[in-house]
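# A look at the structure
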Amino acid sequence: MLYNLSRTAGLPTARTVDEVRQVVTEWRAEGHTVGLVPTMGALHAGHLSLVELAQPQTDRIIASVFVNPTQFGEGEDFSTYPRDEVRDAQKLARVGADLLYAPDATEMYPEGFATQVFVVGLTDVLCGANRPGHFDGVATVVTKLLTQVRPDVAVFGEKDWQQLATIRRLAIDLDLGVNIVGGPIVREADGLAMSSRNAYLTHAERKTAAYLNRVLYAAAKLIRDGKPIQNTLNAAHGRLIAVGFQDIDYFDLRDEATLEPIDILDTAALKSGRLFVAAHLGNARLIDNLRLSSGI
Ligand code: AMP
């Protein structure tokens, strides 16, 4: 089957559910395990690190590229989201992915499509509170990708920590039988988490963006040193505004598993606390997160 597929920059490319299933069936018949790395394309080193993380864990790796319309809200950047399939395929081939799965929207959501996956609780806070419907779109498309491919392992980045937690939950709850693996955040030299949306930043904004991670680190240290949590979070918020961010959706300290807020620093909080931030800069909405114990 692989040999019958079209290729993008040399990389075999499945465009339909049937095609990807046939490839996976063949691989399974040959005794291979299968890994999936779902993405929305405009690939950078953060995405590629997920392919590399999957490599020692599975025999064959599929990277999907699908800019999922249902996870973008009204007025968000669906139409302007960067798309460059040929370059994506080149990068994926270079790191050794075996197949690009790039369905179009009508393949993913054929006429009459009427089902949604909702993960309650975890999706009510943080980005869920600011982007209504976003995680319903994510949960639905990821459930579809996981049932289309039925991989042994699927890898997601810790940069989207809430998304990772939501996907872990749905994979357990829906008995998908897939091992969900989280990959560490890959950063630029100045600490900015790599993101396809960093391309929206002007030169000056790109410099300012580095404060997001700097302020997270500083806040983590202050909280660990015993400074009052709420004051520290407020000050961090103020600092981001002072350096040029237009708006802060949240700057929170939460338990990294339950996403419940943390108000008191005890041993459990030190272990499971994570800082989360989402902030607007120019045309970009940037997110980042950091374990409270990072840097110890
Ligand atoms: P996206 O294309 O933005 O939907 O991201 C696809 C996958 O790559 C998601 O699992 C993201 O969490 C992950 N990802 C994006 N940026 C990074 C990064 N800087 N480091 C690690 N993983 C990332």
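Residues numbered from 1 in each chain as written. Predicted model: local features only at pLDDT ≥ 70, side-chain atom pairs only at ≥ 80, totals over all residues. Heavy atoms only, no water.

## Here we look at the pattern of salt bridges
For the coordinates displayed, the defined rule picks out twelve salt bridges. The residue Arg254 makes a salt bridge to Asp252 at a minimum N-O spacing of 3.0 Å. Here the two residues Arg254 and Asp252 agree in accessibility, since each one is buried. The partner of Arg291 in a salt bridge is Glu256, and the shortest N-O contact between them spans 2.7 Å. (Salt bridge = Lys/Arg side-chain N within 4 Å of Asp/Glu carboxyl O. Buried < 20%, exposed > 50% of the residue type's maximum accessible area, 1.4 Å probe, protein only.)

## Thoughts on the packing of aromatic side chains
Per the counting criterion, the structure on display carries four aromatic pairs. With a centroid separation of 5.3 Å and an interplanar angle of 65 degrees, the aromatic rings of Phe72 and Phe78 are classed as edge-to-face. An aromatic cluster is defined as three or more aromatic residues linked by ring pairs; in this entry it consists of Phe66, Tyr109 and Phe113. The ring of Phe78 carries Arg83 above its face, with NZ or CZ at 4.9 Å from the centroid. Above the ring of Trp161, the side-chain terminus of Arg274 is found at 3.7 Å from the ring centroid. (Phe/Tyr/Trp six-rings, centres within 6.5 Å; stacked < 30°, edge-to-face > 60°. Lys NZ or Arg CZ within 6 Å of the ring centre and 35° of its normal.)

## Let's talk about the site of the ligand
Every one of the 17 residues lining the ligand counts as a neighbour, but Met40, Gly157, Asp160, Val186 and Met194 are closest to it. Here an oxygen atom of the ligand sits 2.6 Å away from a polar atom, N or O, in the side chain of Asp160. Contacts to the ligand include Met194, whose backbone N or O atom sits 2.8 Å from a nitrogen atom. Its free accessible area being 480 Å², the ligand has 94% of it covered by the protein chains. Every element with two or more residues in the shell around the ligand is listed here: strand S3 (34-39), helix H2 (45-54) and strand S6 (153-157). Take the shell around the ligand: its biggest share by element is three residues, from H2. (Near = heavy atom within 4 Å. Polar contact = N/O pair within 3.5 Å; in protein donor to acceptor, adjacent residues only side chain to side chain. Areas by Shrake-Rupley, 256 points an atom, 1.4 Å probe, with all protein chains shown as cover. Helix = DSSP H or I, 4+ residues; strand = E, 2+ residues; numbered from the N terminus.)

These figures come from the coordinates and say nothing about function on their own.
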